[in-house]
Amino acid sequence: MTPTAERAPGQGYPAPWLIPAVAVLATFYAVPVLDVTRLAFSDATLIQPASGFSTVALRSILTDPALPQVLGTTLVFVAVNVAVLQLAGLAIALLIVRGERRELPGMAAFRTLVLAAWVVPGIANGLIWGMLFDEAPYGTLNSLLAYAGLGPVAWLSDPQMALVSAVIANVWQGTAFSMIVFYAARRGIDPVLYEVAELDAAGPWRTFRSITLPLMRRAIAVNSVLVSVQTLNTFDSILALTGGGPGRATEVLSLFTFNTVFYNLDLAGGSVLAVLLFAIGMGLTILIGWLGRDRT
Amino acid sequence: MSARWGDVATYAVLAVLAVFFAVPFAWLVSLAVRTPAEIYLGAARFIPETPTLDNFRTILSDPAFLIYLWNGLKLSALGGALAVVLAIPAAYACARVPFRGRQVVLVGLLAVQMISPLVILVPLYRWMNALDLLNRDVSVIAVYGALGMPLAVWLLKVAFDAIPIELEEAASIDGASRPVILMRIVLPLARSGIASAFILAMVMNWSQFLIPFILLERDGDWPISVAIFNFAGSVSASTTQLLAAACLVAVMPAVLVFILLQRMIVSALIGGAVKG
């Protein structure tokens, strides 16, 4: 009889069980984050090691005239996406729950369609939307608009329109995540509340305002942060759609970081940007913890 | 009566949204079965007069393309399996071993998911280079394992929580040790949860672009996600139909797996979302 065998399940020492996970977290997350911070204060390039402490990279990145523009684009891209993704996700989740309650056919098929867009690889997403936004007269959307006597629209060559196009492509792919979160949250609400509301002859809007929205507030708060960070980290679909152009019109922070490290081979500068990306992401994540703790 | 109007409104809104979500897929299929000449006809040929599978034939008869698909499958599957294997002990501890700091571990796992792979890839590239692991599948698989592990822990914890603890208590009284209980009772009972976690990790790996793009430099090692990006750089308007066919081939495996196993995966995700 070993001591292990005498302990009932539900008790014991967690440490041995946690070793693999902790080792992975340390090797692939904690140490790299520290290392990238160290590199940010060095003069390393992708092919040459750091020769010492330096703030040259930090200063050159912070004074780079491109940075304010990139941060502005990132802010707009993230803010608009977060608003649209959540409105769309919430609307779809509530409509599907309603449809399921009324036993309307087609709800599962619709949910499948939204989820199918979610699993499309980011690169393929950019390429597919690139074909749809093709500005030639035979391009998909422009030839459709021509039927309605509209357009053509400079989907990708106009700086402002290009950002709108990038948002559309991201919304197409990203809505499913918010839909799942809100669907789960809505299903978690006690149906009795809705029965009471119905007895009180509360209309759909009143029910939404007084029951659904308050009880989903925490899910919405947490989801806002998750979606912001996901959007902040998105760059492969933009890379494939516009490559950051025209000019820098759609170059968000993550794409700028990618270009700095892997195209300009400026490792130290890229590390500064990576640290910035990390800091913004973590700031938002700490916000989750705070929002989650607020209302238990 | 008002409920009927509500149904009509539900369908009306969902129909508009369905068009938005369906058009890119429909158009991709439409472009992929066109002849080069029909590409120039735009929306007028949404349904081509003579749909052709030639584009798929061209793509799939290229041995390099089959290698890209195989590479994608191999890297995704091994990376997903690694993520699940790494996640099982921690998920079991979080489900069954009460300890202080359990919540910290779970929240910590959620927090590292917020870190962009871009941030950690810079040092990882240098280490892999120093260890001479660049251009080796094992480097990509290791990173996939690390990236997939946190979500797998969450999904597996939910799956383990659902198993009646009495079964484990009975086994424990019979003298079974913890690892034996895990192997003989918990894992077999949690197989649908394990399968969901594995498939989800695999689908995410299939979509990964950054990791293989940076860590694998040789054309022949690339998975499909990197290959189509490279291919897109070389196409012109006259080969749009080939790019569409290539995209479709790259997208279909993930979409099909997801549709077929949707019920299982979505319920696992919803379970995770409720707990989270």
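The rules we used
Residues numbered from 1 in each chain as written. Chains lettered and ligands numbered in written order. Predicted model: local features only at pLDDT ≥ 70, side-chain atom pairs only at ≥ 80, totals over all residues. Helix = DSSP H or I, 4+ residues; strand = E, 2+ residues; numbered from the N terminus. Rg over C-alpha atoms; globule rule 2.2 N^0.38 Å. Contact = placed C-beta atoms within 7 Å. Buried ≥ 20, exposed ≤ 12 C-beta atoms within 10 Å, placed from the backbone. Nonpolar A, V, L, I, M, F, W, Y, C, P; charged D, E, K, R; others polar. UniProt positions renumbered as here; feature names shortened; annotations may be inferred. pLDDT = per-residue confidence, 0-100. Axes fitted to C-alpha atoms, helices over the stretch in contact; angles between N-to-C directions. Parallel < 35°, antiparallel > 145°, perpendicular 65-115°, else oblique. Left-handed = near helix turned anticlockwise from the far one by under 90°. Core = buried A, V, L, I, M, F, W, Y, C linked by C-beta atoms within 7 Å. Expected span 1.5 Å × (residues − 1). Bend = angle between axes of the 7 residues up to and from the residue.

(A) Representation of the overall build of chain A within the structure. Each helix and strand counted, chain A has 14 helices and zero strands in total. Its helices and strands taken in sequence order, chain A reads α-α-α-α-α-α-α-α-α-α-α-α-α-α from the N to the C terminus. Over its C-alpha trace chain A gives a radius of gyration of 24 Å, far above what one expects of a compact globule, namely 19 Å for 296 residues. Each of the three principal axes of chain A carries a C-alpha extent, and together these read 80 × 75 × 35 Å. The contacts in chain A between residues at least 6 apart in sequence include a share of 67% that link residues at least 24 apart.

(B) The arrangement of the overall build of chain B in detail. For chain B, the count of helices and strands is 14 helices and zero strands. Reading the helices (α) and strands (β) of chain B from amino to carboxyl end gives α-α-α-α-α-α-α-α-α-α-α-α-α-α. Seen through its principal axes, chain B has C-alpha atoms that stretch 75 × 70 × 30 Å. Counting only residues that meet the buried cut, chain B has 50% of its 276 residues in that class.

(C) Just the interface of chain B and chain A, in detail. Listed as interface residues are 81 residues of chain B and, on the opposing side, 80 residues of chain A. It is helix α1 (residues 2-32) of chain B that contributes the most residues to the side of chain B that touches chain A, 14 residues altogether. Classifying every residue of the side of chain B that touches chain A by side-chain character gives 65 nonpolar, eleven polar and five charged.

(D) Molecular detail of the UniProt feature "transmembrane region" (unreviewed entry) in chain B. All names here are of chain B. In this numbering, the UniProt entry assigns the feature "transmembrane region" (unreviewed entry) to residues 12-33, 65-92, 104-126, 138-160, 181-203 and 242-261. Split by type, residues 12-33 is 95% helix and 0% strand. Its first and last C-alpha atoms lie 31 Å apart. With 100% helix and 0% strand, the stretch residues 138-160 has end C-alpha atoms that lie 29 Å from each other.

(E) Region of interest: unusual backbone geometry. A positive phi angle, near 60°, is found at A:A201, a position not held by glycine. On the secondary structure map, A:A201 appears in the loop between α9 (191-199) and α10 (204-215). C-beta crowding within 10 Å serves as the criterion here: with 7 such atoms nearby, A:A201 is assigned to the exposed category. One non-glycine residue, B:N135, adopts positive backbone phi at about 65°. Considering the arrangement of structural elements, one finds B:N135 in the loop between α6 (117-130) and α7 (137-161). Judged by local crowding, B:N135 falls into the partly exposed class, with 15 C-beta atoms found within 10 Å.

(F) Inspection of the confidence of the model for chain B at higher detail. Residues and elements named next belong to chain B. For chain B, per-residue confidence averages 85 on the pLDDT scale, and 95% of positions sit at 70 or higher. For chain B, helix α14 (residues 262-275) is the element with the lowest average pLDDT, namely 71, and helix α4 (residues 63-96) is the one with the highest, namely 91. Two summary scores accompany this predicted model of the complex, namely pTM at 0.86 and ipTM at 0.87.

(G) Expanded view of the confidence of the model for chain A. Confidence in the prediction of chain A, expressed as mean pLDDT, is 84, and 90% of residues score 70 or more. Within the model, pLDDT remains below 50 along residues 1-7 of chain A, and this stretch shows nine contacts once partners closer than five positions in the same chain are excluded.

(H) Local environment of the packing of helix α8 (residues 165-173) of chain B against helix α9 (residues 178-189) of chain B. Residues and elements named next belong to chain B. α9 packs onto α8 with a crossing angle of 140° between their chain directions and a minimal axis gap of 10 Å. Taken as axis vectors, α8 and α9 run oblique relative to one another. Here α8 and α9 pass one another in a crossing that is right-handed. The segment α8 lies against α9, with L167, E168, A171 and S172 engaging I181, I185 and V186.

(I) Spotlight on the environment of A:Y183. Residues and elements named next belong to chain A. Looking at the element boundaries, Y183 is found in helix α8 (residues 159-187). You can call Y183 buried: it has 24 C-beta atoms within 10 Å. Spatially, the C-alpha atoms of Y183 and G122 are 24 Å apart, while their sequence positions differ by 61 residues.

(J) Representation of the UniProt feature "transmembrane region" (unreviewed entry) in chain A in the model. Those residues carrying the UniProt feature "transmembrane region" (unreviewed entry) are residues 12-31, 75-97, 109-132, 163-185 and 267-291 of chain A in this numbering. Annotation note: span residues 109-132 of chain A, helix share 88%, strand share 0%, distance between end C-alpha atoms 24 Å.

(K) Region of interest: the packing of α4(B) against helix α12 (residues 224-232) of chain B. All names here are of chain B. Close contact between α4 and α12 brings their axes to 8 Å; oriented N to C, the two are set at 140°. By the angle class used here, α4 and α12 are oblique. Every residue of α12 that contacts α4 at Y68, L69 and G72 is listed here: I224, S225 and A227. Tallied by class, the residues present in the contact of α4 with α12 amount to four nonpolar, two polar and no charged.

(L) Structural context of the nonpolar core. Residue and element names in this part refer to chain B. Core analysis: the biggest nonpolar cluster contains 183 residues, and A87, A152, V153, L156, I228 and C247 have the highest contact counts within it. Of the residues forming this core, the biggest block, 17 residues, is contributed by α7. Residue contacts for L156: discarding those within four places in its chain leaves A87, I88, A91, A190, G193, I194 and A197.

(M) The arrangement of helix α13 (residues 240-260) of chain B in detail. Helix length check: α13(B), at 21 residues, gives a terminal C-alpha distance of 29 Å against a target of 30 Å (1.5 Å per residue), a fit within 8%. Maximum bend of α13(B): about 35°, positioned at B:M252, with proline B:P253 one to four residues after it.

(N) Looking closely at the environment of A:D158. Residue and element names in this part refer to chain A. By secondary structure assignment, the location of D158 is in the loop between α7 (140-147) and α8. Given 15 C-beta atoms within a 10 Å radius, D158 is considered partly exposed. Taking C-alpha positions, D158 is 9.3 Å from G245, a pair spaced 87 residues apart along the chain.

(O) Just helix α6 (residues 122-132) of chain A, in detail. Of all eleven residues making up α6(A), eleven are buried, and the element is well covered by its neighbours. Of the positions making up α6(A), those classed as buried are A:G122, A:I123, A:A124, A:N125, A:G126, A:L127, A:I128, A:W129, A:G130, A:M131 and A:L132.

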